[in-house]
Amino acid sequence: MIDSVDEDEPDCQYCGLTVASTDERRVVTTIEEGTAIHTHFCSDDCLAAWKS
Ligand SMILES: [Zn+2]
């Protein structure tokens, strides 16, 4: 049996933590070439660190 975690439990783009394990998850949506890209973070801290 293979469990796909790609969509339901993405990892934090910055620190690699599974964002499902936190209730502070943040999602940033950007559009690249007409496709919506969802970038996940486990907290505001990781989002801020990734942006800087
Ligand atoms: Zn993180």
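Calculation criteria
- Residues numbered from 1 in each chain as written.
- Predicted model: local features only at pLDDT ≥ 70, side-chain atom pairs only at ≥ 80, totals over all residues.
- Heavy atoms only, no water.
- Helix = DSSP H or I, 4+ residues; strand = E, 2+ residues; numbered from the N terminus.
- Buried < 20%, exposed > 50% of the residue type's maximum accessible area, 1.4 Å probe, protein only.
- Contact = heavy atoms within 4.5 Å.
- Areas by Shrake-Rupley, 256 points an atom, 1.4 Å probe, with all protein chains shown as cover.
- Pairing = 2+ DSSP bridges.
- Salt bridge = Lys/Arg side-chain N within 4 Å of Asp/Glu carboxyl O.
- Donors = N, O, S within 2.8 Å, 3.2 Å for Na, K, Ca; no water.
- Tetrahedral: all angles 85-135°; square planar, octahedral: opposite > 155°, others 65-115°.

Looking now at the overall build of the protein. Helices and strands together make up the secondary structure of the protein, namely 1 helix and 2 strands. Of the regular secondary structure in the protein, the N- to C-terminal order runs β-β-α. Across the 52 residues of the protein, 23% fall into the buried class. Considering only residue pairs separated by 6 or more positions, the protein has 27% of its internal contacts joining residues 24 or more positions apart. Element-wise, carbon and sulfur atoms account for 46% of the exposed surface of the protein, whose accessible area totals about 4,200 Å².

Let us now look at the pairing of strand β1 (residues 26-32). With 7 bridges joining them, β1 and strand β2 (residues 35-41) adopt antiparallel strand pairing. The residue of β2 that forms the bridge with I31 is A36. Linkage of β1 to β2, two consecutive antiparallel strands, is achieved through a turn of 2 residues, within which E33 is found at a positive phi near 55 degrees.

A few words now on the pattern of salt bridges. One pass over the full model with this rule turns up 1 salt bridge. The shortest N-O distance in the salt bridge between R26 and D44 comes to 2.6 Å. Taken as a pair, R26 in strand β1 and D44 in helix α1 (residues 44-51) lie far apart in primary sequence, 18 residues in all. A relative accessible area of 29% means that R26 is categorised as partly exposed. According to the relative accessible area criterion, D44 is partly exposed, its value standing at 39%.

With that out of the way, let us pick up unusual backbone geometry. Phi angles above zero are rare outside glycine, and E33 is one such case at about 55 degrees. Mapped onto the elements, E33 comes out in the loop between β1 and β2.

With that settled, the discussion passes to the coordination of the zinc ion. Taken together, C12 (SG), C15 (SG), C42 (SG) and C46 (SG) make up the full set of protein donors to the zinc ion, lying 2.3 to 2.4 Å away. One can describe the site at the zinc ion as tetrahedral: its 4 donor atoms subtend angles covering 105 to 117 degrees at the metal. Here the donor residues of the zinc ion share one chain and are spaced in sequence as C-x2-C-x26-C-x3-C. Of this pair, C15 sits in the segment before β1 while C46 sits in helix α1, and the two are 31 residues apart along the sequence.

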